[in-house]
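Summary of the model geometry
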Amino acid sequence: MHKTHILPGGLTLVYQQMPARSVSVGLWVKSGSIYEAPLESGVSHYIEHMLFKGTEKRSALQISEEMDFVGGQLNAYTCRDCTCFHTKTLGENLELSLDILSDMYKSSVFDPKELEQERRVIIEEINMYEDSPEDVAHELLALKMWADSPYGWSISGTEASVNGITREVMLSYFRRRYTPENTVLAVAGCFDEAELISLAQKYFGSTAAGNNAAELIPPTVHTGVFTRKKDIEQTHICMGWGGYPLGDERNVSLTLMNEILGGGMSSRLFQEVREKAGLCYSVYSFSSAYPKAGSFGIYTALSPENGKNALELINKVIEEFKLEGPTEYELNKTKSQLRCSCLLSSESTSAVMSRLGRGQLLRGKIKTDEELIAEIEAVTRESVQGVARDVLGRPCATAIVSPYN
């Protein structure tokens, strides 16, 4: 069972002891692309990089070497709604994790020379994604479906926006977002509870309060067909509908719908479009839920001459699902899959840490395994069909990346 503790200064510590040799620590910050202004696009991701580039007492090399010396893992990632810096070590190295993470969080120097070098690294990262037409299709869908909103902007920003981020812009954003009220320290695994609280207070208890940012504005969903020509072999298609925001109870039924329609090799889309019709190699569905907004989508990649037939078949599968809903077998199979996934993830210190951190940061609530499974078991054929009719009955946005206009 997890516990929470408010540290001096207001930062939240959430933790769960587990029968393991490892301990996973995550520093979760409410910093992501949905919080950015137009001239800041990509700054959350840029800051994630810069926190590894040196502090007042450690160089970038020392940060890496100290964690490597104990065989630990240190990494980070930025999403639309949060940034997470995380470690995984043996339980005996818990203090080192807290020391390094607090040093990066509180004492990073944002060296101008490192900032310029990392700018080039990030632009190379952006160019790397440009070489993946699947990523380009997903980015195009988000940009057009949530036009004029930070919900649709690339997490990494664009080459132009990254080139426009000065040290002053970065530090201004950093001071707004990297505050105790926007931060959660999540710990899961092998540790002594009293020692953890003492160490958390030592390294994170003196964090000064900051100026929180403005409230998020729910985005408007735009529809239509949006195309981009690219010198590639296949056509990549992303279809998107507005979904439900984080915390909406209907997301549980939407999760089951997603699994049944396109979540795996036994899903309807995979079986109908790939296995039976042979129209593509890759086809799947996906769903996302953020504060104030959500989405559901379908992706496929295929030869350009198969595009029309594939879209007709995908729409046929959708209409049949809206009309009939899932079968009892599909519902029970998917419940079993999700229940198994939930229980298996509870054995991983990293997975538990992520559930604790993300749940506390974005919802202010962490569901237990029992609560999650109970929600899954409560889903009915009628609730899944209701969500399908609601979401898939909305106007659709379609992004197409193709070798042809």
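Our structure is the block above this text.
Rules used throughout
Residues numbered from 1 in each chain as written. Predicted model: local features only at pLDDT ≥ 70, side-chain atom pairs only at ≥ 80, totals over all residues. Heavy atoms only, no water. Helix = DSSP H or I, 4+ residues; strand = E, 2+ residues; numbered from the N terminus. Buried < 20%, exposed > 50% of the residue type's maximum accessible area, 1.4 Å probe, protein only. 1 Å grid on protein atoms, 1.4 Å probe; cavity = no way out; pocket = protein on both sides within 12 Å on 5 of 7 lines; lining within 4 Å. Points joined across faces, edges and corners; volume = space filled by probe spheres on them. Nonpolar A, V, L, I, M, F, W, Y, C, P; charged D, E, K, R; others polar. Salt bridge = Lys/Arg side-chain N within 4 Å of Asp/Glu carboxyl O. Pairing = 2+ DSSP bridges. Axes fitted to C-alpha atoms, helices over the stretch in contact; angles between N-to-C directions. Contact = heavy atoms within 4.5 Å. Expected span 1.5 Å × (residues − 1). Core = buried A, V, L, I, M, F, W, Y, C linked by side-chain atoms within 4.5 Å. Phe/Tyr/Trp six-rings, centres within 6.5 Å; stacked < 30°, edge-to-face > 60°. Parallel < 35°, antiparallel > 145°, perpendicular 65-115°, else oblique. Left-handed = near helix turned anticlockwise from the far one by under 90°.

**With respect to unusual backbone geometry**
One non-glycine residue, Asp148, adopts positive backbone phi at about 65 degrees. Relative to the assigned elements, Asp148 resides in the loop between α5 (133-145) and α6 (159-163). We note that Lys292 has phi near 80 degrees; this positive angle belongs to a residue other than glycine. As for its position among the elements, Lys292 is in the loop between β9 (282-290) and β10 (293-302). Lys292 sits in the partly exposed class, given a relative accessible area of 42%.

**Examining the layout of surface pockets**
Approximately 1300 Å³ is the volume found for the largest pocket. As for the largest pocket, its lining consists of 33 residues, and the residues nearest its centre are Leu246, Thr255, Arg363, Lys367 and Leu372. Looking at the lining of the largest pocket, the elements that each hand over two or more residues are α9 (251-262), β9, α12 (328-345), α13 (349-363) and α14 (369-378). The class makeup of the residues in the lining of the largest pocket is 11 nonpolar, 13 polar and 9 charged. In this structure, the second largest pocket spans a volume of roughly 980 Å³. For the lining of the second largest pocket, the elements supplying multiple residues, two or more each, are α1 (43-50), α4 (112-130), α5, α6, β9 and β10. Sort the elements by how many residues they give to the lining of the second largest pocket and α5 lands first, with 9 residues.

**Examining the pattern of salt bridges**
Considering all chains together, one arrives at 24 salt bridges under this definition. Put simply, Lys57 and Asp99 hold a salt bridge, and the shortest N to O gap is 3.3 Å. Remark: Asp99 occurs in helix α3 (residues 94-107) and Lys57 occurs in the loop between α1 and α2 (60-69); sequence separation between them is 42 residues. Given the relative accessible area of 13%, Asp99 is considered buried. Note that Arg58 is salt-bridged to Asp99, the shortest N-O span being 3.0 Å. Residue Arg58 is found in the loop between α1 and α2, and its partner Asp99 is found in helix α3; the two are separated by 41 residues along the sequence. With a relative accessible area of 6%, Arg58 lands in the buried category.

**Describing the sheet that holds strand β1 (residues 3-6)**
Strand order in the open sheet formed by 6 strands is β1-β2-β6-β3-β5-β4, and the pairing between neighbours is mixed. Where the open sheet ends on each side, the last strands, each with one partner, are β1 and β4 (73-78). Each neighbouring strand pair of the sheet contributes to a mean axis angle of 15 degrees, computed without reference to strand direction. In this sheet, strand β6 (residues 183-189) lies alongside strand β2 (residues 12-17) in parallel orientation, the contact comprising 6 bridges. Following the sheet pairing, Gln16 is matched in β6 by Ala188. Those strands touched by helix α8 (residues 193-204) are β1, β2, β3 (22-29) and β6, and its axis lies near 155 degrees from that of β2. In this fold α13 packs onto β1, β2, β3, β4, β5 (83-90) and β6, with an angle of close to 155 degrees to the strand it touches most, β6.

**Examining α5**
For α5, with 13 residues, the first-to-last C-alpha span of 18 Å sits near the 18 Å given by 1.5 Å per residue. Looking at the packing, one finds that the buried side of α5 touches α4, β7 (224-229), β8 (235-242), β9, β10 and β11 (397-402).

**Looking at the side chain of Thr398**
Structurally, Thr398 is set in strand β11. Under the relative-accessibility criterion, Thr398 is labelled buried at 12%. When sequence neighbours within four positions are dropped, the list of residues in contact with Thr398 reads Leu141, Gly224, Val225, Phe226, Ile237, Cys238 and Met239.

**Quick notes on the nonpolar core**
Counting 80 residues, the largest nonpolar core has Leu185, Val187 and Phe204 as the members making the most contacts within it. It is α3 that provides the largest number of residues to this core, a total of 7 residues. Setting aside its immediate chain neighbours within four residues, Val187 contacts Leu13, Val14, Tyr15, Gln16, Val23, Ser24, Val25, Leu94, Leu196, Met353 and Leu356. If you look at the next biggest cluster of nonpolar residues, it comprises 34 residues, including Val273, Cys280, Leu338 and Val391.

**Some remarks on the packing of aromatic side chains**
What the rule picks out here adds up to 13 aromatic pairs. For the pair Tyr105 and Phe204, a centre-to-centre distance of 6.2 Å together with 55 degrees between the ring planes defines the contact as tilted. Of the two residues, Tyr105 sits in helix α3 while Phe204 sits in helix α8, which places them 99 residues apart along the sequence. Each member of the pair Tyr105 and Phe204 is classed as buried.

**Looking at the packing of α2 against α3**
Running from N to C, α2 and α3 cross one another at 165 degrees; their axes reach a closest spacing of 11 Å. Taken as axis vectors, α2 and α3 run roughly antiparallel relative to one another. Here the hand of the crossing between α2 and α3 comes out left-handed. Across from Ile63, Glu66 and Met67 in α2, the residues of α3 making contact are Leu96, Ser97, Ile100 and Met104. Partitioning the contact of α2 with α3 into residue classes produces 5 nonpolar, 1 polar and 1 charged.

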